[in-house]
Amino acid sequence: MAGKHALVFANGELLDPEAVRKMAVSASLLIAADGGLAHIQALGLKPDLLIGDLDSVTPEQINWAKEQGARVRRYPVDKDETDLELALQEAAEAGCDRITITAALGGRLDQTLSNIYLLNLPALTDLDARIDDGSQEVILIHHALDIDGRPGDTVSLLPLSPIVRCISTTGLKYPLTDESLIFYRSRGISNEMVSERARVEIQSGILLCVHKRVEVLP
């Protein structure tokens, strides 16, 4: 279904609850990846789906989710996927063309990295899938990306493949024109937006964009 937006709550840090509450207004599907249910409760929202092995929620929380009308999908603890991966697959299968993941940054470094890598799931190909905690968003670039923000916002571009070729940017203080970034070099860190929209285009590779807002979402 075109225009269907899923907001997926992971079990990480939620640094800007009010910004995330505003994101929920445009979401047609609220998904709790296991312990992410606590964030939904704290924000006074109603989940549509609780999914995972449910080892980070209490029986009382599960009952509360059911009372709110949420579907509950429990998986074995011994599984190959993280709870967030299961939630993302479910959102894609539900026909969402926009998926925003929140509370997926901070805490354990291994979990944070895994959450970022999940943006490259085959199920998310051609979907607008990103991590957003209100103050910063994380997006993978395979071809091109428009970044909406404000002058002064920080934009960092990090290769996730050994080399990303033919990168061209507009709307950034330090532009790139058909240039390459290499996995082990830090050249793409801490660029700056000079307008309300920046654009990044690449020819090959996978580029990680981290957009840090000067202010929280309006």
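Residues numbered from 1 in each chain as written. Predicted model: local features only at pLDDT ≥ 70, side-chain atom pairs only at ≥ 80, totals over all residues. Heavy atoms only, no water.

**Overview of the overall build of the protein**
Argument step 1. Secondary structure summary: the protein contains 5 helices and 14 strands in total.
Argument step 2. For a compact globule of 218 residues, the expected C-alpha radius of gyration is about 17 Å, and the protein comes in at 18 Å, within 12% of that figure.
Argument step 3. With the principal axes as the frame, the protein shows a C-alpha extent of 55 × 35 × 35 Å.
Argument step 4. The burial tally for the protein puts 47% of its 218 residues in the buried class.
Argument step 5. Summarising the internal contacts of the protein: among those between residues at least 6 apart in sequence, 62% fall at separations of at least 24. (Helix = DSSP H or I, 4+ residues; strand = E, 2+ residues; numbered from the N terminus. Rg over C-alpha atoms; globule rule 2.2 N^0.38 Å. Buried < 20%, exposed > 50% of the residue type's maximum accessible area, 1.4 Å probe, protein only. Contact = heavy atoms within 4.5 Å.)

**Section: the side chain of D133**
Argument step 1. Tracing the backbone shows D133 in the loop between β6 (128-132) and β7 (136-141).
Argument step 2. This buried residue, D133, is left without a salt bridge; R213 holds the nearest opposite charge, at 5.4 Å.
Argument step 3. One polar contact links the side chain of D133 to the main-chain amide nitrogen of Q136, over a distance of 2.8 Å. (Lys, Arg positive; Asp, Glu negative; His and termini not counted. Salt bridge = Lys/Arg side-chain N within 4 Å of Asp/Glu carboxyl O. Polar contact = N/O pair within 3.5 Å; in protein donor to acceptor, adjacent residues only side chain to side chain.)

**So, the environment of Y174**
Argument step 1. Tracing the backbone through its elements, the reader meets Y174 in the loop between β10 (163-170) and β11 (179-182).
Argument step 2. For Y174, the residues in contact, after removing those within four places along its chain, are T169 and N191.

**A look at the pattern of salt bridges**
It is possible for side chains of opposite charge to pair when their charged atoms get near one another.
Argument step 1. The full count for this structure, using the stated rule, is 14 salt bridges.
Argument step 2. By sharing partners, the salt bridges in this structure join D128, R130, D132, E137 and R213 into a single network.

**Section: unusual backbone geometry**
Argument step 1. Phi at C166 takes a positive value of approximately 55°, unusual for a residue other than glycine.
Argument step 2. Take C166: it is sitting in strand β10.
Argument step 3. Here S190, not a glycine, exhibits a phi torsion of approximately 60°, which is positive.
Argument step 4. Mapped onto the secondary structure, S190 falls in the loop between β11 and β12 (191-192).

**Some details on the environment of I116**
Argument step 1. Locating I116 in the fold gives a position in helix α5 (residues 109-117).
Argument step 2. Residue class for I116 comes out buried when judged on its relative accessible area of 11%.
Argument step 3. Spatially, the C-alpha atom of I116 lies 21 Å from that of I40, the residues being 76 residues apart in sequence.
Argument step 4. Excluding residues within four positions of it along the chain, I116 makes contact with L105, I131, V138 and L208.

**What about the sheet that holds strand β13 (residues 197-201)?**
Argument step 1. Read from one edge of the open sheet, 4 strands run β8-β13-β10-β11, paired in antiparallel fashion. In the strand order of this sheet, the two ends are held by β8 (144-148) and β11, each with one partner. The average undirected angle you get between the axes of adjacent strands in this sheet is 35°.
Argument step 2. Examined bridge by bridge, β8 and β13 share 5 bridges and lie antiparallel to one another. Looking across to β13, one finds that A144 is bridged to E201. (Pairing = 2+ DSSP bridges. Axes fitted to C-alpha atoms, helices over the stretch in contact; angles between N-to-C directions.)

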